[in-house]
Each structure stands twice: as C-alpha cells, then as structure tokens.
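For reference, the chains in residue letters:
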Amino acid sequence: LKQETIEALIAANTHNEWDAVRVGTLGRSGKLTMLLRQLGQVPAEERKARGQELNRLRDELTKLIEKRGKEIEELALEARLKEERVDVTLPPPLEPQGLIHPISRTIEEMTAIFARMGFSVAEGPDIETQWHNFSALNTPDHHPARTEQDTFYLLDEEGQGEPRVLRTQTSGVQIRTMLGQNPPIRIIAPGRTYRADHDATHSPMFHQCEGLVIDKNITLGHLKGCLIEFLRAYFNKPDLPVRFRSSYFPFTEPSMEVDIGWSRKTGEIGAGADWLEVLGAGMVNPRVLANCGLDPAEWQGFAFGMGVERLAMLKNGIADLRSFYESDLRWLRHYGFSA
Ligand code: PHE
C-alpha cells in the first residue's frame, strides 16, 4: 500500500488528483481506513502488532501526502506567477478614443487661422447684461432685436438692476475687451449664443465667432483683406470668390454682409455663379468706441461675426442644423474628427 500510494502521489500533478489519492487512502472508505476497520477480524494475538503497524503506516502516509500537497501548491503558485508576469516593455493596450465634435473642431480651425494673423482669443459670459449685449453696441431700447421674441430674458434679481439676458450675439465681448484692455486690440471671441427661435435652420442655442481689431489708421481695406484671407484659408480655396454687400448693424458703420461664391445646384463652395452669405462685418461705429472710452479721432477698427454651425455645415456637407445637438453616435462617428 505504501509503494502504491507513493506512486500515485508522484503521478498526481494537480490539487484534484492529489486530493483523490488522499481520499482514496485516508478517506472514510480509503484503503488504509479499510485495513484499520478490518482490524477487528484479526486474531487477538496478532491484533496488537498489526494495529501498531497500521498506525505507523498511517502516520507515514499522512506525512507523505501532506508533503506532496505542499509541493503541488508551490508548483501551482509558481505557474500562476509565471502566467501573470507583466512585461513592462510591452506598449499599453489602446483605450477607445473619442472624436472631436464638428463645432469644437470648427472653432479650433477658426482660432488657428486667426492666430496666424496675430489674433488672440477673448471670452465673455453667456449671461450678459443688456448694456453689454445691446446698449453699448448702439442698439436702442426700441430695437426689434430686444423684443422677447428673440431674446431670452432672465428673471429680475433683487438689486441687479435691469434683468440680464442670455447673450444673443458674441458682440458684447467687443465691449468687454475694449473696456478691459488698451488698444491695439486684435481678438476673436468664439462662444455660445441664444435666441428664442427653433426650427430646421434655427436653434435656441448656437455658436458665433466674433472678431475685433482696434488700432490707429484701420480702414475698410484691412477688414476686406482680413476676411478674404480667413475665408480662403478656412475653405482651403485660394481663389474663393468673396463679395462685400452693404447691410446694417447698429454697432458698425458702414456695415456689410459677406458672401462667398458657390453653386446652388451642387452645393459646391467656390464654384458656380451663386452667392451665399456667411458673415456680418463693418467698421466699428464711433459711438461704440466712445461708449468704451476710446476717442474715435485716435482709434478706428473693424468687427465681424460669423455663425460657427453655418460655416461647419458648408465645409463638411452637414445638412441639418439640429443634428449638431442630438448626440447621435452614428452621426458623431461620421462627422467627428480624430484628435
Ligand atoms: N452680431 C452680428 C450678428 O449676430 C454679427 C456682426 C458682428 C456684425 C460684428 C458686424 C460686426 O448677426
């Protein structure tokens, strides 16, 4: 039995195999247990010696089994350590990566182009005073832009004076910048804007990018050169036709809207005989300069404002304004940009 058990123990390589040997030897119906149980049938004169012999054998086998058990445990531990060893020279597994939303991407592109022309980025609050959003921009109290149809008014707060508004344009940042820093000024101000309007081509929240240049001897020529340069760079079309068309904004004089050439039929930018409006601009109204404490005899400037979604749609072939805000993953995977 001893020899047999030793061989079985050597053959056992896993905890389960070892356990089978243990139970088969020392278990309730194990071979040794059976021998001990049969002791009663042994003639009385042999019983004592036989009993002692079997007890010795049991001690011996118990020790052997325990020893092999420890060995198997150690082998298993070693195998596990080997398996779990970390190769620190391996490159880490790539995490799934998100994409840049077309609105963020468009603002980044605009910022990069204007940065090359020496502009820096300015900011203002989404919740704006009526003074910054309208009055200082020479927009009188009775102006239709102020009516509740277009403007979100906040509830009157005690001691806050006039109720504040969700800014309807980024032009208030012009005011904040002129009040906050001395000219020369060259800033763009991308950000969220809000108007109480909602249909296929209007969203109550959308994005604009404002621009402001203040310096001595700034002319309409600077405005035209700057915007032509920007539009050709943004659309990657060095020959893009650009047209300046007379318009009206309270805060610029003269004011203009800027069109680019495109084909109404194919939608292609820079081809065809049609014009498409892409931004508003003008020379900063002397009244606005004066409202900001700048002497119009000394300082002049130009300003412009454009719709971020509109420019993103034109460049990337996005048809529906509302798709920007739906967070549809299929849409985001299609129109998103890799970082
Ligand atoms: N704020 C104007 C708009 O929202 C755009 C604009 C900005 C026009 C600056 C002229 C100068 O339509």
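The model shown is predicted, which means the values in this text are computed figures rather than measured ones. Position labels on residues start from 1 in each chain and follow its written sequence. pLDDT decides what is reported in this predicted model: residues at 70 or higher carry local features, side-chain atom pairs at 80 or more are listed and counted, and totals for whole chains, interfaces and linings draw on all residues regardless. Heavy atoms from the whole structure form the basis of all side-chain values; hydrogens and water molecules are not counted.

Chemist: In this structure, what is going on with the packing of aromatic side chains? I would like to understand it.
Modeler: A ring pair, where both rings are aromatic, is described by two values, the distance of the centres and the angle of the planes. In this analysis, rings of Phe, Tyr and Trp, with Trp reduced to its six-membered ring, are considered paired at centre separations within 6.5 Å, and the interplanar angle assigns stacked below 30 degrees, edge-to-face beyond 60, and tilted for intermediate values. Counted under the stated rule, the structure contains 11 aromatic pairs. Consider the rings of tyrosine 234 and phenylalanine 235, whose centres lie 4.8 Å apart with planes at 80°: the pair is edge-to-face. This pair shows no difference in class: tyrosine 234 is buried, exactly as phenylalanine 235 is. An aromatic cluster is present here, built from Phe114, Phe119, Phe230, Tyr234, Phe235, Phe302 and Phe304 joined pairwise through their rings. Sitting above the plane of the tryptophan 299 ring, lysine 216 keeps its charged end 5.0 Å from the centroid. The ring centre of tyrosine 234 lies 4.4 Å from the NZ or CZ of lysine 315, which sits over that ring. Relative accessibility decides the category of a residue: with a 1.4 Å probe and only protein chains considered, values under 20% of the type maximum give buried, values over 50% give exposed, and everything between is partly exposed. For a Lys NZ or an Arg CZ to count as sitting over a ring, it must be within 6 Å of the ring centre and within 35 degrees of the ring normal.

Chemist: Just to check I follow, could you spell out the site of the ligand for this structure?
Modeler: The immediate surroundings of the ligand are formed by 14 residues, with Gln169, Ser171, Arg195, Gln208 and Glu210 found nearest. In protein, a polar contact requires one atom able to donate a hydrogen and another able to accept it; more generally it is a pair of N or O atoms within 3.5 Å, and residues adjacent in sequence count only if both atoms are side-chain atoms. A distance of 2.9 Å separates an oxygen atom of the ligand from a polar atom in the side chain of glutamine 208. Elements represented by at least two residues in the shell around the ligand include exactly β5 (205–215), β8 (274–284) and β9 (300–307). Per-element tally for the shell around the ligand: the top contributor is β9, with three residues. Only heavy atoms are used to decide nearness, and a residue is near a molecule or strand if one of them lies within 4 Å of it. The secondary structure listing takes helices from DSSP runs of H or I that are at least 4 residues long and strands from runs of E that are at least 2 residues long, numbered from the N terminus.

Chemist: Sorry if this is basic, but what is going on with the environment of arginine 116 here?
Modeler: Positionally, arginine 116 belongs in helix α5 (residues 102–116). Along the chain, arginine 116 and glycine 293 lie 177 residues apart, while their C-alpha atoms are 29 Å from each other.

Chemist: Help me understand the environment of aspartate 19 in this model?
Modeler: With respect to the helices, strands and loops of the structure, aspartate 19 is situated in helix α2 (residues 15–26). Judged by its relative accessible area of 25%, aspartate 19 is partly exposed.

Chemist: Would you take a moment to explain the packing of α2 against helix α4 (residues 44–83) for this structure?
Modeler: A pair of packed helices is captured by two measures, namely the crossing angle of their axes and the spacing between those axes. Helix axes are fitted only over the stretch in contact, all axes being lines through C-alpha atoms; the angle between N-to-C directions runs from 0 to 180 degrees. As a packed pair, α2 and α4 sit with axes 10 Å apart at the nearest point and diverge in direction by 170°. On the basis of their axis angle, the class for α2 and α4 is roughly antiparallel. Each of His15, Trp18, Arg22, Thr25 and Leu26 in α2 lies in contact with α4, whose residues at this interface are Arg58, Leu61, Thr62, Ile65, Arg68, Gly69 and Ile72. Residues were grouped as follows: Ala, Val, Leu, Ile, Met, Phe, Trp, Tyr, Cys and Pro as nonpolar; Asp, Glu, Lys and Arg as charged; and all remaining residues, including Gly, as polar. Considering only residue class, the contact of α2 with α4 consists of five nonpolar, four polar and three charged. The labels follow the angle: roughly parallel below 35 degrees, roughly antiparallel above 145, roughly perpendicular from 65 to 115, and oblique for the rest. Here, residues are in contact when the closest pair of their heavy atoms is within 4.5 Å.

Chemist: What is the right way to look at the packing of helix α1 (residues 2–11) against α4 in this model?
Modeler: With their axes 10 Å apart at the nearest point, α1 and α4 run at an angle of 10° to one another. It follows that α1 is roughly parallel to α4 by the angle criterion. On α4, the residues that touch Lys2, Thr5, Ile6, Leu9 and Ile10 of α1 are Leu57, Glu60, Leu61, Leu64, Ile65 and Arg68. Its residues assigned to classes, the contact of α1 with α4 shows seven nonpolar, one polar and three charged.

Chemist: Is there a simple way to think about the nonpolar core in this case?
Modeler: Inside soluble globular proteins, nonpolar side chains tend to come together where they are buried. The term nonpolar core refers to a set of buried residues drawn from Ala, Val, Leu, Ile, Met, Phe, Trp, Tyr and Cys, joined through side-chain atoms within 4.5 Å. Ranked by internal contacts, the top residues of the largest apolar core, which has 41 residues, are Leu231, Ile260, Leu279, Phe304 and Met306. Of all the secondary-structure elements, those providing two or more residues to this core are α5, β5, α8 (220–234), β6 (242–249), β7 (252–262), β8, β9 and α10 (308–316). Not counting residues up to four positions away in its chain, the partners in contact with leucine 279 are Leu227, Leu231, Met256, Glu257, Val258, Phe304, Gly305 and Met306. Formed by 19 residues, the second largest nonpolar core is a distinct cluster that contains Met178, Ile185, Val284 and Trp299.

Chemist: Please clarify how the state of the cysteines should be interpreted in this entry.
Modeler: Here a disulfide denotes a covalent bond joining the sulfur atom of one cysteine to the sulfur atom of another. Two cysteine sulfur atoms form a disulfide, by the criterion used here, when they sit within 2.5 Å. Taken as a whole and judged by the stated rule, the model has zero disulfides. Unpaired in this structure, cysteine 209 has its nearest cysteine sulfur neighbour in cysteine 226, at a distance of 11 Å. For cysteine 292, which is in no disulfide, the shortest distance to another cysteine sulfur is to cysteine 209 and amounts to 19 Å.

Chemist: What's the story with the side chain of threonine 151 in this structure? I'm lost.
Modeler: Mapped onto the secondary structure, threonine 151 falls in the loop between α6 (130–133) and β3 (165–166). Classification of threonine 151 as buried rests on a relative accessible area of 3%. Leave out the neighbours within four places in its chain, and threonine 151 touches Phe134, Ala145, Arg146, Val165 and Thr168.

Chemist: Would you explain the side chain of glutamine 208 in this entry?
Modeler: You can see glutamine 208 is positioned in strand β5. Residue class for glutamine 208 comes out buried when judged on its relative accessible area of 11%. Among the polar contacts made by the side chain of glutamine 208, one reaches the main-chain amide nitrogen of threonine 170 at a distance of 2.9 Å. Contacts of glutamine 208, omitting those with residues within four sequence positions, involve Thr168, Gln169, Thr170, Ala189, Pro190, Gly191, Thr193, Arg195, Met306 and Val308.

Chemist: So what exactly am I meant to see when it comes to the pattern of salt bridges here?
Modeler: It is possible for side chains of opposite charge to pair when their charged atoms get near one another. For this document, the term salt bridge refers to a Lys or Arg side-chain nitrogen within 4 Å of an Asp or Glu carboxyl oxygen. Within this structure, the stated rule accounts for 16 salt bridges. Of the charged contacts in the structure, one is a salt bridge between glutamate 109 and arginine 105, with a shortest N-O distance of 2.8 Å. Of this pair, glutamate 109 and arginine 105 both sit in helix α5, four residues apart, which is roughly one turn of the helix. Linking arginine 322 and aspartate 320 is a salt bridge whose minimum nitrogen-to-oxygen distance equals 3.5 Å. Classification of arginine 322 by relative accessible area gives partly exposed; the value is 36%. Aspartate 320 gets classed as partly exposed once you look at its relative accessible area, which sits at 30%.

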